[in-house]
Amino acid sequence: MAKDRCAANNCKELPLKNDTLCANHRRLKTKADELAKTQKAQEEKLKKESQAKKDAGVLLQAKNAKLATDKAAKIKELAPLWNAQVKAVVTAVLNLRHAHPTLHGINAGSNKDEHGHDLPVIPGGTNNPITFVLPSNTLGLTKADIYHAMSGFEGSDSGSFKFRVSDVFVHGH
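Residues numbered from 1 in each chain as written. Predicted model: local features only at pLDDT ≥ 70, side-chain atom pairs only at ≥ 80, totals over all residues. Heavy atoms only, no water.

*Asks:* How should I be thinking about the sheet that holds strand β1 (residues 153–157) in this particular structure?
*Replies:* In a beta sheet, neighbouring strands pair by backbone hydrogen bonds and run either parallel or antiparallel. Strand order in the open sheet formed by three strands is β1-β2-β3, and the pairing between neighbours is antiparallel. The strands lining the two open edges of the sheet, one partner per strand, are β1 and β3 (168–172). Direction aside, neighbouring strands of the sheet carry axes that sit 20 degrees apart on average. Where strand β2 (residues 160–165) meets β3, five bridges bridge the pair, whose relative direction is antiparallel. Each residue of the ladder has a partner; that of Phe 161, found in β3, is Gly 172. Running over the sheet, helix α1 (residues 23–99) touches β2 and β3 and is turned about 140 degrees from β3. (Pairing = 2+ DSSP bridges. Helix = DSSP H or I, 4+ residues; strand = E, 2+ residues; numbered from the N terminus. Axes fitted to C-alpha atoms, helices over the stretch in contact; angles between N-to-C directions. Contact = heavy atoms within 4.5 Å.)

Printed below as a string of C-alpha cells:
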C-alpha cells in the first residue's frame, strides 16, 4: 500500500493532512470510538446500579435477619409469661374439679354445683377468654406468633385461640 493512500483496508482515498485515514474513514473511526466510549459508560453505569442493588439486597437481608432474631427473642420472652396465665386457669379448673369430684364438665368459664348453684367463674371460658396483652412493638409481632410457641396450643377461630393443657380447655384472645 502506498503511503499516500488511506490506511483503511482497500481504500484508495487520500489521507487527511497529518493522518493515515481519509476523511470518510476518520469520521467512521471517530463515530466508532464515541460509540465504544458511550457503551463503556453505560456498562459502568449498569455495573454501579447492579452493585447498588446487590448492596441494598444485602442490607435488606441483614435487616430481615435481625428482625427475625429479635422477633424470636421476643416470642421466647412472652410465651412463658402467657403459658403461666394458661397454667393458672388450668390449676383453678383442676382445683375446682378436685373439690367437686362428682361433677362432670367443669372447665374454664361458668360452672354450677350439684344443686345448680353457681361456682366461682374461672377466666378462660368461651364467654370470658383470657386477654393476652401484646406489648407495643416494631417487630411486626402478632399474638398468633406467640400462641404457636405456647404449650397446648390447639387452634383458633375468629380471633379466639384455644389451648388444651391437662385435659382442660382454655380460651384466649
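*Asks:* Could you clarify how one ought to interpret the side chain of Ser 160 in this entry?
*Replies:* By the element assignment, Ser 160 lies in strand β2. On the basis of relative accessibility, which here comes to 17%, the residue Ser 160 falls in the buried class. When residues no more than four places from it in sequence are discounted, the contact partners of Ser 160 are Gly 155, His 171, Gly 172 and His 173. (Buried < 20%, exposed > 50% of the residue type's maximum accessible area, 1.4 Å probe, protein only.)

*Asks:* Teacher, can you tell me more about the nonpolar core here?
*Replies:* Burial of nonpolar side chains together is a common tendency in soluble globular proteins. Formed by 25 residues in total, the largest nonpolar core has its most connected members in Val 86, Phe 132, Ile 146, Met 150, Phe 163 and Val 170. Those elements giving two or more residues to this core turn out to be α1, α2 (143–147), β2 and β3. Ranked by residue count, the leading element in this core is α1, at nine residues. Those residues in contact with Val 170 that lie beyond four places of it in its chain are Val 86, Val 89, Val 90, Gly 124, Ile 130, Phe 161, Lys 162 and Phe 163. Counting residues in each nonpolar core, the second largest holds five residues, with Ala 8, Cys 11, Leu 21 and Cys 22 among its members. (Core = buried A, V, L, I, M, F, W, Y, C linked by side-chain atoms within 4.5 Å.)

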